[in-house]
Amino acid sequence: SSEAIHTRLHKGLPLVSFDELTLDWTLVQETFAKVYAAFARYPQLFGEIPAEPKLETGRLLTKKAAKAWFTGKELTLLIPEGVSKNLIQTMIQATLQPFLSGYADALINSVEQESWRRGYCPICGGSPDLAFMEKEYGARWLLCSRCDAEWVFQRLECPYCENRDQSTLSFFTDEKELYRLYVCESCKCYLKTVDLRKTEAEILLPLERLYTLDLDSQAREHGYSSCQRPVAQKK
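Since the model is a prediction, treat every value here as computed from it, not as a measurement.

Q: I'd like a description of the environment of Tyr190, backed by residues and values.
A: Counting through the fold element by element, Tyr190 comes out in strand S6 (residues 190-195). For the pair Tyr190 and Pro206, spaced 16 residues apart in the sequence, the C-alpha separation amounts to 17 Å. When neighbours within four sequence positions are excluded, Tyr190 is seen to be in contact with Tyr160, Leu181, Tyr182, Val183, Asp216, Ala219, Arg220, Tyr224, Ser225 and Ser226. Of note is the side chain of Tyr190, whose polar atom sits 2.4 Å from the side chain of Asp216.

Given below as structure tokens:
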């Protein structure tokens, strides 16, 4: 209800918890199997991943494992030999993202943007992995790494550690000033940002995650990390 939505947002609580998700678990596991197979086709990017038909991918993504990923807890699941836990987490995220995006599409218009202003997603509690400066006023908006929800956030604050010390916040940009790499010296996190004021063609923000992979590499080379943590882990 609108009253429940208002109450949760006022308390700083995301609108959807894992136990409230209504998921077709058969479809989720089928999707995970396809994601797993897709990752296995690119060993040059992800390393060798066992792709034998005998591997029961349904045993990899259990409800317990999905909930652990969603809440930022330790994964307790079967992981094939030679496959890192981080890679499995990436696969889980790729699997659940389209399902979570449906919730974002349905609920985002219920969020009063000016009253949220938090560093985590108002829909699912995920952390941002991308931001954009809007064309009209240059306000900074964050993009959830898990459900693609967008919400406005102050420009002079780190969304990961809430640092507002201007002497420890800065950004780098390219020659065209299309992309910005915001960095925080307090938590050593970075945030990629697209400045829509510098664009003429339409930008598909989720795809910018892939188009800006070189920014991730540059940030890591300079000692910064992509600090994506669900809200449950922040508390």
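Q: Report on the nonpolar core, specifying residues and quantitative values.
A: Residues Met91, Ile123 and Cys147 are the most contacted members of the largest nonpolar core, which totals 53 residues. Looking at this core, the elements with two or more residues in it are helix H1 (2-10), helix H2 (25-40), helix H5 (63-71), helix H6 (85-107), strand S1 (128-133), strand S2 (140-144), strand S3 (150-153) and strand S5 (179-184). A per-element tally of this core places H6 first, with nine residues. Sequence-distant contacts of Ile123, that is, excluding residues within four places in its chain, are made with Pro14, Leu15, Val16, Tyr103, Ala104, Leu107, Ile108, Val111, Cys147 and Ala149. Listed in part, the 16 residues of the second largest apolar core include Leu130, Val152, Tyr179 and Tyr224.

Q: Can you break down the sheet that holds S2 residue by residue, with the values?
A: Judged by pairing direction, the sheet is mixed, and its six strands sit side by side in the order S3-S2-S1-S6-S5-S4 without closing on themselves. Each of the sheet's edge strands pairs with one partner strand only, and the pair in question is S3 and strand S4 (169-173). The average undirected angle you get between the axes of adjacent strands in this sheet is 30 degrees. Sheet contacts for helix H9 (residues 213-221): S5 and S6; angle to S6, the most-contacted strand, approximately 145 degrees.

Q: Describe the pattern of salt bridges, listing the residues and the values that go with them.
A: Where charged atoms of side chains with opposite charge meet at close range, the side chains can pair. Using the criterion set out here, one finds twelve salt bridges in the structure. Linking Asp129 and Arg209 is a salt bridge whose minimum nitrogen-to-oxygen distance equals 2.6 Å. Here Asp129 is found in strand S1, whereas its partner Arg209 is found in helix H8 (residues 205-211), with 80 residues between them in sequence. When its relative accessible area of 15% is taken as the criterion, Arg209 is described as buried.

Q: How would you sum up H9? Please name residues and give values.
A: Those residues of H9 not exposed but buried are Leu215, Asp216 and Ala219. Considered in projection along H9, the buried side chains sweep an arc of 105 degrees and stay on one side of the axis. Buried residues along H9 sit against S5, S6 and H8. Note on H9: the residue one or two positions beyond its end, Gly223, has a positive phi of about 90 degrees.

Q: Please give an account of unusual backbone geometry that cites residues and values.
A: Of note in the backbone geometry, Arg117 takes a positive phi value of approximately 50 degrees without being a glycine. As for its placement among the helices and strands, Arg117 is situated in the loop between helix H7 (113-116) and S1. For Arg117, a relative accessible area of 28% gives the class partly exposed. Positive phi, close to 65 degrees, is recorded for Glu162, a residue that is not glycine. Its place among the elements puts Glu162 in the loop between S3 and S4. The exposure class assigned to Glu162 is exposed, which follows from its relative accessible area of 61%.

Criteria and thresholds
Residues numbered from 1 in each chain as written. Predicted model: local features only at pLDDT ≥ 70, side-chain atom pairs only at ≥ 80, totals over all residues. Heavy atoms only, no water. Helix = DSSP H or I, 4+ residues; strand = E, 2+ residues; numbered from the N terminus. Contact = heavy atoms within 4.5 Å. Polar contact = N/O pair within 3.5 Å; in protein donor to acceptor, adjacent residues only side chain to side chain. Core = buried A, V, L, I, M, F, W, Y, C linked by side-chain atoms within 4.5 Å. Buried < 20%, exposed > 50% of the residue type's maximum accessible area, 1.4 Å probe, protein only. Pairing = 2+ DSSP bridges. Axes fitted to C-alpha atoms, helices over the stretch in contact; angles between N-to-C directions. Salt bridge = Lys/Arg side-chain N within 4 Å of Asp/Glu carboxyl O. Arc of directions from axis to C-beta.

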